[in-house]
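A structural walkthrough
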Amino acid sequence: MKVLGYYKECWRAGSPDLSIRDFVREQAGESEEMVLSYLRGASTIFAAMGMSVDVLGSSEQVISGDSIHTDGEWVWRKDLGFYVGFYHLELPREFIDCVLEHGGRAPEVSHERLVELTYEVDRAFG
């Protein structure tokens with residue numbers, strides 16, 4: 001399991017060292033629309049109710065932003081898509097390559113893998 005967008009402002013568990021502020025860009029990055037489609041089309045392993053507020057200070061909120069999504073390898077919070085679209089957040093090259101390899105469409109994840117990842121996330125952040 002690889003965690004995408006593991007920033008100290010966003011995750012309440014663990015001890016991330018990275019700040020989301022260091023990855024904000026002025027312009028859209030390579031294949032940003034494809035990345036957004038991938039992030040939004042992935043499977044959900046944890047659905048959270050409520051709203052998450054923009055940790056960078058706009059008045060925007062994301063419905064169920066604390067939810068966790070996956071492509072079977074990477075896991076990320078639902079609100080990551082907001083930060084990519086609104087702030088053109090830079091993501092790791094390894095993830096961008098994965099998105100491009102899949103043509104911007106997150107792969108289907110088996111039920112068994114979703115269960116495995118649920119336990120892995122719980123162990124790591126629970």
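In this text the structure is predicted, and so the values were computed from the model without any measurement.

Our next topic: unusual backbone geometry. Only a minority of non-glycine residues have a phi that is not negative, and only a minority of peptide bonds are not trans. One non-glycine residue, Ser-64, lies in the positive phi region at around 60°. Relative to the elements of secondary structure, Ser-64 occurs in the loop between β4 (61-63) and β5 (68-70). Note on Ser-64: relative accessible area 19%, which makes it buried.

Strand order in this open sheet of four strands is β1-β6-β5-β2, and the pairing throughout is mixed. Among the strands making up the open sheet, the edge pair consists of β1 (2-3) and β2 (43-46). Taken together, the three bridges between β2 and β5 define a ladder with antiparallel strand orientation. Pairing of Thr-44 across the sheet is with His-69, part of β5.

Look at helix α1 (residues 32-40) against helix α2 (residues 80-87): their axes get within 9 Å of each other, and the N-to-C directions meet at 165°. What the angle tells us is that α1 and α2 run roughly antiparallel. As α1 packs across α2, the resulting crossing turns out to be left-handed. Facing Glu-32, Val-35, Leu-36, Leu-39 and Arg-40 of α1, the residues of α2 in contact are Leu-80, Gly-81, Val-84 and Gly-85. For the contact of α1 with α2, the class distribution of residues is five nonpolar, two polar and two charged.

What follows is about the environment of Thr-44. Tracing the backbone shows Thr-44 in strand β2. Separated by 65 residues in the primary sequence, Thr-44 and Val-109 have C-alpha atoms spaced 9.7 Å apart. Engagement of the side chain of Thr-44 in a polar contact is seen with the side chain of His-69, the distance being 3.2 Å.

As a further point, take helix α3 (residues 93-101). Within the span of α3, buried status applies to Phe-95, Ile-96, Cys-98 and Val-99. With its buried residues spanning 155° around the axis, α3 presents them on a single face. Those residues of α3 that are buried are in contact with α1 and β6 (74-77). Looking at the residues trailing α3, positive phi occurs at Gly-103, about 65°.

Attention now moves to the pattern of salt bridges. For the coordinates displayed, the defined rule picks out seven salt bridges. Between Arg-77 and Asp-79 there is a salt bridge, with the nearest N and O atoms lying 2.6 Å from each other. Take Arg-77: its relative accessible area is 7%, and that puts it in the buried class. Overall, Asp-79 belongs to the buried group, its relative accessible area being 3%. The structure contains a network of salt bridges with shared partners spanning Lys-2, Glu-73 and Glu-94.

Rules used in this analysis
- Residues numbered from 1 in each chain as written.
- Predicted model: local features only at pLDDT ≥ 70, side-chain atom pairs only at ≥ 80, totals over all residues.
- Heavy atoms only, no water.
- Helix = DSSP H or I, 4+ residues; strand = E, 2+ residues; numbered from the N terminus.
- Buried < 20%, exposed > 50% of the residue type's maximum accessible area, 1.4 Å probe, protein only.
- Pairing = 2+ DSSP bridges.
- Axes fitted to C-alpha atoms, helices over the stretch in contact; angles between N-to-C directions.
- Parallel < 35°, antiparallel > 145°, perpendicular 65-115°, else oblique.
- Left-handed = near helix turned anticlockwise from the far one by under 90°.
- Contact = heavy atoms within 4.5 Å.
- Nonpolar A, V, L, I, M, F, W, Y, C, P; charged D, E, K, R; others polar.
- Polar contact = N/O pair within 3.5 Å; in protein donor to acceptor, adjacent residues only side chain to side chain.
- Arc of directions from axis to C-beta.
- Salt bridge = Lys/Arg side-chain N within 4 Å of Asp/Glu carboxyl O.

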